[in-house]
Amino acid sequence: MRTGAPIRIVVHWPETEAGKRELARRAADVHADFVLSTICGLDCPATRKRELLQAVLDTIQANKEEKG
C-alpha cells in the first residue's frame, strides 16, 4: 500500500461527441486487451481458454441486446 503524499491527476474530458466516442472506443480496446491477456495467461488448456473467451463474448452480446 502506498503511504506517500497523494498524487493529483487532472483529466481533461472530451467535449465533443466525436471525442467522447473515441475515448469510449479506446477504453474498450484497453479492457479487451486486458481480458484477452488475462485469459491467455491462465494455466489451463487452450480449449478452456477458448471457452472462457466465448463466455465473455456471449455475456457482452447479451448485455448489448438487453440495452437495445
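Quantities reported herein were computed from a predicted structural model and do not represent experimental measurements. (Residues numbered from 1 in each chain as written. Predicted model: local features only at pLDDT ≥ 70, side-chain atom pairs only at ≥ 80, totals over all residues. Heavy atoms only, no water.)

### Considering a nonpolar patch on the surface
This is how the line gets drawn: What goes into a patch is any residue over 30% in relative accessible area without a salt bridge, connected to like charges within 9 Å or, for nonpolar side chains (Val, Leu, Ile, Met, Phe, Trp, Tyr), within 5 Å. Methods summary: accessible areas were calculated by the Shrake-Rupley approach with a probe of 1.4 Å, and residue burial reflects only the protein chains presented. When a carboxyl oxygen of Asp or Glu lies within 4 Å of a side-chain nitrogen of Lys or Arg, that pair is called a salt bridge. Each helix is a run of DSSP H or I of at least 4 residues and each strand a run of E of at least 2, with the numbering of both proceeding from the N terminus.
On the surface, Ile7, Ile9, Val11, Trp13 and Leu23 cluster together into a nonpolar patch covering about 580 Å² of accessible area. Residue placement: Leu23 occurs in helix H1 (residues 17-40).

### A closer look at helix H2 (residues 46-67)
Rules: Expected helix span is given by 1.5 Å per residue-to-residue step, counting one fewer step than there are residues.
Look at H2: 32 Å from first C-alpha to last across 22 residues, which is about the 32 Å you get at 1.5 Å a residue. Positive backbone phi, approximately 85°, marks Gly68, located one or two places after H2.

### A short note on the packing of H1 against H2
In a packed pair of helices, the relevant descriptors are the angle between the two axes and the axis-to-axis distance. Convention followed: Fitted lines through C-alpha atoms serve as axes, helices being fitted only where they are in contact, and the angles separating the N-to-C directions of these axes extend from 0 to 180 degrees. Roughly parallel covers angles under 35 degrees, roughly antiparallel covers those over 145, roughly perpendicular covers 65 to 115, and oblique covers all other angles. Handedness of a helix crossing follows the sense of rotation of the near helix relative to the far helix, less than a right angle counterclockwise being left-handed and clockwise being right-handed. Only heavy atoms enter the contact rule, under which two residues are in contact if any of them lie within 4.5 Å.
Relative orientation of the contacting elements H1 and H2 amounts to 155°, with a least axis distance of 9 Å. Regarding the angle of H1 to H2, the classification is roughly antiparallel. Crossing angle aside, the handedness with which H1 passes H2 is right-handed. Mapping the contact onto sequence places Val35, Leu36, Ile39 and Cys40 in H1 and Lys49, Leu52, Leu53 and Val56 in H2.

### Looking at the pattern of salt bridges
The cut-off we apply is this: Residue exposure (1.4 Å probe, protein chains only): buried if accessible area is under 20% of the type maximum, exposed if over 50%, otherwise partly exposed.
What the rule picks out here adds up to five salt bridges. Where Glu22 meets Arg26, a salt bridge forms, and the shortest distance between an N and an O atom there is 2.8 Å. Residue Glu22 and its partner Arg26 are both found in helix H1; the two are separated by four residues, about one turn of the helix. The partly exposed category is assigned to Glu22, whose relative accessible area is 29%. On the basis of relative accessible area, Arg26 is assigned to the exposed category, the value being 52%. When salt bridges that share partners are traced, they join Glu22, Arg25, Arg26 and Asp29 into one network.

### What to know about the environment of Leu52
Within the element layout of this structure, Leu52 appears in helix H2. For the pair Leu52 and Arg26, spaced 26 residues apart in sequence, the C-alpha separation works out to 23 Å. Not counting residues within four places of it along the chain, the set of residues in contact with Leu52 comprises Ile39 and Leu42.

Purely geometric numbers; function is a separate question.
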